[in-house]
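Residues per chain are reported as follows:
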Amino acid sequence: MDTLCTILKSEIDELISILSQNKDPKSIFNSVNSTISEIPTERADPFLAKLIDYYDTTKKTATDKEASGRAYMCASAYAIQSRRELESGNQASALRRINKANYFLGRSLEALRHSDSSVFAAPITDTMTQALT
């Protein structure tokens with residue numbers, strides 16, 4: 001494994017470790033993981049686009065907690081897809097995906113600054129489930 005791949009794998013693993021802190025099977029991370037795992041790696045783009053679209057179209061009307069959870073869904077999906085793409089040998093795509101994951105984790109944490117809740121403890125909601133299908 002070359003140096004870039006090793007560094008990228010370390011970055012992905014660290015972010016996934018952060019995102020998967022909540023061990024509840026109904027956690028946002030676990031729900032996203034089970035959904036994206038059913039999609040072939042090379043066909044994940046429509047799923048990721050759908051999550052971003054959902055986040056973008058609802059962020060102005062969402063509460064801080066909802067916006068945080070939706071951004072967290074995007075971060076989780078991009079981190080998981082980044083790992084999958086690295087495993088399939090596509091380092092460039094994996095790097096783009098992990099950058100998006102970090103961006104959405106930042107958006108999630110920013111929304112939490114204005115909320116009294118924690119996204120790590122939030123279970124997935126019915127509305128969020130609809131975005132995953």
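Given the structure is predicted, the values throughout are model-derived calculations rather than measurements.

S.K.: I keep staring at helix H2 (residues 28–36) and nothing clicks. Help me out?
M.R.: An α-helix turns once every 3.6 residues. As a result, residues three or four positions apart point the same way. Along H2, the positions that sit buried rather than exposed are Ile28, Phe29, Ser31, Val32, Thr35 and Ile36. With its buried residues spanning 165° around the axis, H2 presents them on a single face.

S.K.: Looking at this model, I keep getting lost on the packing of aromatic side chains. Mind explaining?
M.R.: Given two aromatic rings, their pairing is described by the distance between the two centres and the angle made by the two planes. Applying the stated criterion across every chain, the model contains 3 aromatic pairs. Relative to Phe104, the ring of Tyr55 lies with its centre 5.6 Å away and its plane at 90°, an arrangement referred to as edge-to-face. Taken together, the residues span a long stretch of sequence, with Tyr55 in helix H3 (residues 45–58) and Phe104 in helix H5 (residues 91–113) at a distance of 49 residues. Each of the two residues, Tyr55 as well as Phe104, counts as buried. Ring centres 6.1 Å apart and planes at 15° place the aromatic pair Tyr78 and Phe104 in the stacked group. One end of the pair, Tyr78, is in helix H4 (residues 64–87); the other, Phe104, is in helix H5, and 26 residues separate them in sequence. Phe104 sits in the buried class, given a relative accessible area of 3%. An aromatic cluster is built from Tyr55, Tyr78, Tyr103 and Phe104, whose rings are joined through pairwise contacts.

S.K.: Would you explain the nonpolar core in this entry?
M.R.: Looking at soluble globular proteins, one finds that nonpolar side chains tend to be buried together. Counting residues in each nonpolar core, the largest one holds 32 residues, and the members touching the most others are Leu19 and Phe104. Per-element tally for this core: the top contributor is H4, with 10 residues. Setting aside its immediate chain neighbours within four residues, Phe104 contacts Ile52, Tyr55, Ala71, Cys74, Ala75 and Tyr78.

S.K.: Hey, could you run me through the environment of Glu42 in this one?
M.R.: Locating Glu42 in the fold gives a position in the loop between H2 and H3. Among the residues examined, Glu42 registers a relative accessible area of 65% and is labelled exposed. Through-space distance from the C-alpha of Glu42 to that of Arg84 is 9.5 Å; in sequence the pair is 42 residues apart.

S.K.: Honestly, the pattern of salt bridges in this entry has me stumped. Any pointers?
M.R.: Side chains that carry opposite charge are capable of pairing whenever their charged atoms lie near each other. Overall, the coordinates contain 5 salt bridges when judged by the stated rule. Arg83 serves as the salt-bridge partner of Asp13, at 3.0 Å between the closest nitrogen and oxygen. In this pair, Asp13 is assigned in helix H1 (residues 3–19) and Arg83 in helix H4, connecting sequence segments 70 residues apart. Here Arg83 falls in the partly exposed class, since its relative accessible area comes to 30%. We note a salt bridge from Glu85 to Arg97, for which the minimum N-O separation is 3.2 Å. Of this pair, Glu85 sits in helix H4 while Arg97 sits in helix H5, placing them 12 residues apart in sequence. The two residues Glu85 and Arg97 agree in class, both being buried. Salt bridges sharing common partners tie together Lys9, Asp13 and Arg83.

Here is what the cut-offs are and how they apply
Residues numbered from 1 in each chain as written. Predicted model: local features only at pLDDT ≥ 70, side-chain atom pairs only at ≥ 80, totals over all residues. Heavy atoms only, no water. Buried < 20%, exposed > 50% of the residue type's maximum accessible area, 1.4 Å probe, protein only. Helix = DSSP H or I, 4+ residues; strand = E, 2+ residues; numbered from the N terminus. Arc of directions from axis to C-beta. Phe/Tyr/Trp six-rings, centres within 6.5 Å; stacked < 30°, edge-to-face > 60°. Core = buried A, V, L, I, M, F, W, Y, C linked by side-chain atoms within 4.5 Å. Contact = heavy atoms within 4.5 Å. Salt bridge = Lys/Arg side-chain N within 4 Å of Asp/Glu carboxyl O.

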